[in-house]
Amino acid sequence: MPPAAERVPWRWLVAGRASRRLVLVVVFVALLLDNMLLTVVVPIVPTFLYTTEYEGANRSVAPARTEPAPPASKAPPFSSMFSYFDNTTVTVLGSTSAVDLANGTESSRLPQPPASSPPLPSGCPEGEEFLTKENVRVGLLFASKALVQLVVNPSVGLLTNRIGYHIPMFIGFIIMFLSTVMFAFSGTYTLLFIARALQGIGSSFSSVAGLGMLASVYTDDFERGNAMGIALGGLALGVLIGAPFGSVMYEFVGKSSPFLVLAFLALLDGALQLCILQPSKISPESTKGTPVFTLLRDPYILVAAGALCFSNMGVAMLEPTLPIWMMQTMCSPKWQLGVAFLPASISYLIGTNLFGILANKMGRWLCSLIGMAVVGISLLCVPLAKNIYGLIGPNGGLGFAIGMVDSSMMPIMGYLVDLRHISVYGNVYAIADVAFCMGFAIGPSTGGAIVRAIGFPWLMIIIGVINIAYAPLCWYLRNPPAKEEKIAILSQECPMQTKSYTTQKTLRDFPLTDDSDVEAENAE
């Protein structure tokens, strides 16, 4: 009994390493944690920097400004408290007794400060100029992850071709864990910036290796589309949980708490990878993949990458700018800054899972075309919101449409490689991740500067029009031509047969034996 009992876990591990579903689970969890860390900082960073830098600086000057502080409030509550009803000044401050004793000339200057402060309701933060400048700094902080990922992705694609997907996947987990712990204990902008950049390196390893592993395991085009939809569901779930989770934990527990929870979940993911993926195993691809620069010269791959870039650039611009815009115009509390992204996250989760199946039936090119148009319309509607409830419709439409684009374009990337190049997927998913990262690099870095220059509504108009204008280019992905050596794929109408990319059927087109007579009779 004991020897047999000892063999049960070993048999389970062997069976698990041969199971495609468990590989899908590992990739799902990795993308979930990556995107939870991606979005959990969205509501935390703006308010954390405002609290530590602006309010911290004001507290240090507080002893010298204790007397002028009350002018932000109206006179009646303070005047009745200090019995100054008989003064001749219109605005009476509770702390100006010494000033009033001096002369009426001093009190005549006092009504001026309240003239600039009444527009601020009780819940609005002060320091509007600081918040405007913070748009740029927060945008650069968020963009640092994508910029680093942009640089590292091509190298990870080449590495996966040489040593396989298992080791890079585990390296990504280690780096992500270190980044999460660093986020938890960083107290300055510089340390947060380094932690965000470190996350970009780990995310590059996890996403490129994970998506490439799925494409290599699910060789059938229809099954691959479903698997990619489920994996992107992990991405969507991370985005869904991240921002609300971060805002609520930061408001009621503290800044470090959400990151420590993510660090614990990352450890569980690492244990799962050790059991299932065998990260010590070097398994290079049996055939050499198409070089990255060759893939970049393929116009169809570029169109698909552009759709991924511009559709995600919209939500990337919203991440640093929407919370600050809400603080300025809606006077939103901390917890609302993350909850505002909840409709986008829920609809993205629905969109990726729904269109992972439907896109194959209605045409992935059509699904992505409609998705990009809806992305543009949703972005145009965001500035029309007057409160958090007005953001539900635009953000919900935005998330649903991005889910349509992502769940269509990720399988198209693998299909284009199968159709036009060598069926090795590390490099093409490195390009897909580069496109994704370009959206999240250009979006936050330029978005903050544009908001500072011309305002938040114009930013939404610009990126919305870009998405609507780009949408018709997806039509070119309707029926991409195959290379000469893979022309047989076009004759296979059943999508379930696209997993065997052979050229045996082309022999019928060039009959060189006696079978040609039989084929001629069949043609008649």
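Residues numbered from 1 in each chain as written. Predicted model: local features only at pLDDT ≥ 70, side-chain atom pairs only at ≥ 80, totals over all residues. Heavy atoms only, no water.

Side note on helix α19 (residues 426-454)
The α-helix winds at 3.6 residues per turn, so residues separated by three or four positions along the chain end up facing the same way.
No. 1: Its 29 residues give α19 an end-to-end C-alpha distance of 41 Å, which sits within 8% of 42 Å, the value for a rise of 1.5 Å per residue.
No. 2: The sharpest bend along α19 reaches about 30° and sits at G447.
No. 3: Phi turns positive one or two residues past the end of α19, at G455, with a value near 105°. (Helix = DSSP H or I, 4+ residues; strand = E, 2+ residues; numbered from the N terminus. Expected span 1.5 Å × (residues − 1). Bend = angle between axes of the 7 residues up to and from the residue.)

A look at a nonpolar patch on the surface
No. 1: A cluster of nonpolar side chains, I377, L380, I454, W458, I461, I462, V465, I466 and I468, forms an exposed patch at the surface whose accessible area comes to about 740 Å².
No. 2: Those elements that provide at least two residues to the nonpolar patch are α17 (364-381) and α20 (456-470).
No. 3: The greatest single-element share of the nonpolar patch, amounting to six residues, is contributed by α20.
No. 4: For I466, the position within the fold is in helix α20.
No. 5: Taking the relative accessible area as the measure of exposure, I466 reaches 35% and is therefore partly exposed. (Patch = residues over 30% accessible without salt bridge, like charges linked within 9 Å, V, L, I, M, F, W, Y side chains within 5 Å. Areas by Shrake-Rupley, 256 points an atom, 1.4 Å probe, with all protein chains shown as cover. Salt bridge = Lys/Arg side-chain N within 4 Å of Asp/Glu carboxyl O. Buried < 20%, exposed > 50% of the residue type's maximum accessible area, 1.4 Å probe, protein only.)

Examining the environment of L349
No. 1: As for its position among the elements, L349 is in helix α16 (residues 342-362).
No. 2: Accessibility expressed as a relative area gives 22% for L349, which makes it partly exposed.
No. 3: Through-space distance from the C-alpha of L349 to that of V239 is 8.8 Å; in sequence the pair is 110 residues apart.

Here's the deal with helix α2 (residues 20-40)
No. 1: The first and last C-alpha atoms of α2 sit 30 Å apart over 21 residues, in line with the 30 Å expected at 1.5 Å per residue.
No. 2: Taken across its 21 residues, α2 has 15 buried, putting it largely inside the fold.

What to know about the side chain of D406
No. 1: Mapped onto the elements of the fold, D406 is located in helix α18 (residues 392-420).
No. 2: Here D406 is buried and forms no salt bridge, its nearest opposite-charge partner K145 lying at an N-O distance of 12 Å.
No. 3: Residue contacts for D406: discarding those within four places in its chain leaves L232, L308, S311, N312, Y348, P411 and F436. (Lys, Arg positive; Asp, Glu negative; His and termini not counted. Contact = heavy atoms within 4.5 Å.)

Some words on the state of the cysteines
No. 1: Counted under the stated rule, the structure contains zero disulfides.
No. 2: You can see C367 has no disulfide; the closest cysteine sulfur is in C474, sitting 9.7 Å from it.
No. 3: Its relative accessible area of 0% is what places C367 among the buried residues. (Disulfide = S-S within 2.5 Å.)

Things to note about the packing of aromatic side chains
No. 1: In this structure the tally under the stated criterion is seven aromatic pairs.
No. 2: Note on W325 and F456: the rings are 4.7 Å apart at their centroids and 20° apart in plane angle, and the pair reads as stacked. With W325 in helix α14 (residues 299-329) and F456 in helix α20, this pair connects stretches of sequence that are 131 residues apart. Like W325, the residue F456 is buried in the burial classification.
No. 3: Seen in terms of ring centroids, F355 and F400 are 5.5 Å apart; in terms of plane orientation they differ by 75°. Their pairing is edge-to-face. Residue F355 is located in helix α16, and its partner F400 is located in helix α18; the two are separated by 45 residues in the primary sequence.
No. 4: What makes F355 buried here is its relative accessible area of 8%.
No. 5: Of the residues examined, F400 reaches a relative accessible area of 27% and is grouped as partly exposed.
No. 6: Above the plane of the ring of Y189 lies R137, whose end atom (NZ or CZ) is 4.4 Å from the centre. (Phe/Tyr/Trp six-rings, centres within 6.5 Å; stacked < 30°, edge-to-face > 60°. Lys NZ or Arg CZ within 6 Å of the ring centre and 35° of its normal.)

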